[in-house]
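If you want the building blocks of each chain, they are given just below.
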Amino acid sequence: IAPYTLLSVVDQKRLRCKKLRTTYAYDFVTMYELAVQAAWDRAVLSNPKIVAPADEKKVHATELVLSADGSRVEPLSSPRSPGANDCGMLAWRLHMLTPEYPQGREIILIANDITFMNGSFGVKEDMVYERASQLARAEGLPRIYMAANSGARFGLCDGVKKCFRVQWNDYDPAKGVAYLWLTDKDREALGESVLTEPVAAPIDPSFDDDEDEREEEEPAVHHKITTIIGAPKEEIGVESLQAAGRIAAETSIANRQIFTLGYCTARNIGIGSYVLRLGQRVVQQQDAPIILTGYVALNKLLGTNVYESNLQLGGPEVMAGNGVSHLVVDDDFGGVVRIVEWLGFVPKVVTGAPRPILPVCDPVERPVCFTPLPGKPYDPRMLLTGGEQSGAFKEGLLDANSFVEYLPHWAKTVVVGRGRLGGMPVGVIITENRTVEKSILADPANLESKPQTAMQAGQVWFPDSAYKTAQAIRDFNTGEGLPLLLLANWRGFSGGRKDMFEEILKFGSFIVDELTQYKQPIIVYIPPHCEIRGGAWVVIDATINPRYMEMYAAPSARGGVLEPAGIAEIKFRRPDVVKSMARLDKQLQWMSMNEASGVVRNEDIEARKEELLQYYTPLGELISDLHDRPERMVAKGVVKRVVEWESAREFFYWRLRRRLLEDDLVSARMQGDSSLGYEETLTQLHSTLPAESLLDDKLCFQMLEEDSEANL
């Protein structure tokens, strides 16, 4: 029998990764090739207008390494074999041919090599990460981080470990350590890697001067170790933490400037977890925990075996439930597929690139057929995707099969996601109108802690859902440059004692903060039979960002300070009801006229009022409701226009196309002349068009597009 073939170095590394339930870092490049091909297969199948490129190889990877002076990353002069790396952090520039950019787009891919020193972050690893991220920022490219690590690197000085000696108190180990020391020879050999001070060697009381069997003579002076610094190339403590601080700062800066996304493919500890969160967008593999401290260390700290695994501390149940992880996937290939899908909504560079608009496959002109019924709860996602209604499928607002929900397990009273409208990518925020359950996990470290389930009412912003809304707005704006569709149906914020303590006021304010900084068109629309009340209106009013925000409403939408019942309770009380009776009821008028003559008693009049009360009291709600109609909103200038739900798809498509093109043209003119303001420049732009075109978004867009192409 022939001997078994030995595993190659790469296969050994792959086997080690398999045991850790992850993928070898170099194999992720191949996964991106397969994922991009899968994206083409789906696109061609769903849209006959899309034609795959002739180039069969749709992903070209160039590995990046540190330059000699460490100031940048640069392409390898010649490709090297997987496993030949001398650093636990790897980086590539990927050139990908995608359905959105058939001519190609680039991303910077950074990955831990968990087979190199357990994926720990040393100074060199952090430098590769930092320089690759800086390259992505300099070129405005999306930056993807494949995370699998064990936190900051630490250790002990090997030289000291091999030669240190112990001075026991009174030469008795039972009495403890007095100090550690070195001999003259070892002190000289270690040099600057250790600091010492000379001390006279204590006299051993058991030492016999006549004993000649002693192996070596006890030195008269001990070099007492006061500080261990370590060899210059040893990374054994704070230097790793300092470098980790640099990549934390770099990730935070990058997230404010470009598209950043992290994929948790294996355990992530300490700084590895922080840089995932600092990049904001996180995709988590179901077996990959995101933790700060391992469960074994925590158990030692607590003095008992409380936690059973790292997944119990930072698995998807925790991280998807608290909003750290946007998506949870079953395996690494599924994670890469979702990353490529997410990139399909993102421009290839952060500024100046054409938007990733696909050819229209779902006609823009088609009506929106799914219509909510008054007073009947429904899944709000169906407003976007369509759904079954009256025994047939009714289309929604967005392109068929284009909506992708993110953060589905956190703050469920708000739904956020990305989709397409006529092939154009948009960010979407929509209100959940049904009551949902919020799960509160028990902490095994607290014996009194128990799993709890809290009910959260629909149409209400709670602390978690207000924060989710603000975070989604920030993500859509920063790095993604998505126009925002906000389908609003809020009655207000939760204002109870518990929610006030849990910072509902703070997180509600975050919504305003993010809207004021938004640099893309925002459409706030009140769908059929939906409403915005009180403080909920305040935080999404168009005056928050007048350059980009516009509000629209369906004919059956409502808006006001309070709901009609609340307004009537305050502003149409019993005296007002009685006055209306006296003014409108002829029998009551006759009775009042004949009361003085004695024909009608006062008791009869009061009885008549009581009889009419049940019929007249609802008039207060009706009158209040008539104040909340969209026609009044338009008259007061708080809503731009009433838009029929059935035609909303076509209207918003052309409205967004026009607003996006106008903003691009205005920004270009303002860059050429810094003295111009936005309104002045927009007026100049409109002055070149016929007046009638300004009232028709489609016509206006087409004329502006023709003019801009003619001026190229």
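Quantities reported herein were computed from a predicted structural model and do not represent experimental measurements. Every residue gets a number counted from 1 within its own chain, in the order that chain's sequence is written. Restriction of local features to residues with pLDDT of at least 70 applies here, the model being predicted, together with a cutoff of 80 or more for giving and counting side-chain atom pairs; totals for whole chains, interfaces and linings are based on all residues. With hydrogens and water excluded, all non-hydrogen atoms of the structure serve as input to the side-chain values.

### Regarding unusual backbone geometry
- Positive phi outside glycine occurs at M117, with the angle close to 50 degrees.
- In this text, helices come from DSSP runs of H or I with a minimum length of four residues, and strands from runs of E with a minimum of two, each type numbered from the N-terminal end. Following the sequence through the fold, M117 ends up in the loop between β4 (105-112) and α3 (123-139).
- Classification of residues uses two cut-offs on accessible area relative to the type maximum, computed with a 1.4 Å probe and protein chains only: under 20% is buried, over 50% is exposed, and between them is partly exposed. Taking the relative accessible area as the measure of exposure, M117 reaches 48% and is therefore partly exposed.
- Positioned with a positive phi, D170 is a non-glycine residue whose angle comes to about 55 degrees.
- Mapped onto the elements of the fold, D170 is located in the loop between β6 (165-168) and β7 (177-182).
- Residue class for D170 comes out exposed when judged on its relative accessible area of 55%.

### Describing the pattern of salt bridges
- Definition used for salt bridges: Asp or Glu carboxyl oxygen within 4 Å of a side-chain nitrogen of Lys or Arg. What the rule picks out here adds up to 49 salt bridges.
- For E106, the salt bridge identified is with R93, shortest N-O distance 2.8 Å. With E106 in strand β4 and R93 in strand β3 (residues 89-96), the pair connects residues that are 13 residues apart, well separated along the chain.
- For R93, a relative accessible area of 19% corresponds to the buried category.
- For R381, the salt bridge is made with E432, and the minimal N-O distance between the two is 3.7 Å.

### So, the sheet that holds strand β10 (residues 260-264)
- Spatial ordering of the open sheet is given by β2-β1-β3-β4-β5-β10-β12-β14, a layout of eight strands whose pairing is mixed. The open sheet is flanked by β2 (73-75) and β14 (327-329), the only strands paired with a single partner. With direction set aside, neighbouring strand axes in the sheet form an average angle of 25 degrees.
- For two strands to be treated as a pair, DSSP must find no fewer than two bridges joining them. Where strand β12 (residues 281-285) and β14 come together, three bridges link them in parallel fashion. Among the inter-strand pairings, V283 is bridged to a residue of β14, identified as L327. A fitted line through C-alpha atoms serves as each axis, taken over the contacting stretch for helices, and the angle formed by two N-to-C directions is quoted from 0 to 180°.

### Describing the packing of aromatic side chains
- Any two rings among Phe, Tyr and Trp, with Trp reduced to its six-membered ring, count as a pair given centres within 6.5 Å; such a pair is stacked if its planes are under 30 degrees apart, edge-to-face if over 60, and tilted if neither. A full pass over the atoms with the stated rule returns 20 aromatic pairs.
- Between the aromatic rings of W654 and F701, the centroid separation amounts to 5.8 Å while the plane-to-plane angle is 50 degrees, which identifies the pairing as tilted. With W654 in helix α23 (residues 648-672) and F701 in helix α25 (residues 697-710), this pair connects stretches of sequence that are 47 residues apart. For the pair shown, W654 and F701 are each scored as buried.
- Definition used: whenever NZ (Lys) or CZ (Arg) falls within 6 Å of the ring centre and also within 35 degrees of the ring normal, the charge is taken to sit over that ring. In this structure, R418 packs its charged tip against the face of Y406, placed 4.5 Å from the ring centre.

### Looking at the environment of D664
- Note that D664 resides in helix α23.
- Linking D664 and G352, residues 312 residues apart in sequence, is a C-alpha distance of 9.0 Å.

### Examining a nonpolar patch on the surface
- Taken together, the side chains of F164, W168, V177 and L180 present a nonpolar region at the surface, about 330 Å² in accessible area.
- Relative to the elements of secondary structure, F164 occurs in the loop between α4 (158-163) and β6. In this scheme, patches are assembled from residues that exceed 30% relative accessible area and form no salt bridge. Like charges are connected within 9 Å, while nonpolar side chains (Val, Leu, Ile, Met, Phe, Trp, Tyr) are connected within 5 Å. Each accessible area is a Shrake-Rupley estimate made with a 1.4 Å probe; only the visible protein chains count as cover when residues are assessed.

### Concerning the nonpolar core
- Only buried residues count toward a nonpolar core. Its members are Ala, Val, Leu, Ile, Met, Phe, Trp, Tyr and Cys residues joined through side-chain atoms within 4.5 Å. Of all hydrophobic cores here, the largest spans 123 residues; its most connected members are Y32, I144, M146, I429 and I540.
- Excluding residues within four positions of it along the chain, M146 makes contact with F28, Y32, L109, I110, A111, N112, Y263, V336 and I339.
- A91, Y129, A136 and A244 belong to the second-largest nonpolar core, a separate cluster that totals 33 residues. The contact criterion used throughout is that any non-hydrogen atoms of two residues lie within 4.5 Å.

### Describing the sheet that holds strand β19 (residues 424-431)
- Pairing in this open sheet of seven strands is mixed, and the strands run β17-β18-β19-β23-β25-β27-β29 from one edge to the other. In this open sheet, the two edge strands, each paired with only one partner strand, are β17 (404-406) and β29 (641-642).
- In this structure, strand β25 (residues 522-526) lies alongside strand β27 (residues 549-553), joined through five bridges in parallel fashion. Among the inter-strand pairings, I523 is bridged to a residue of β27, identified as E550.

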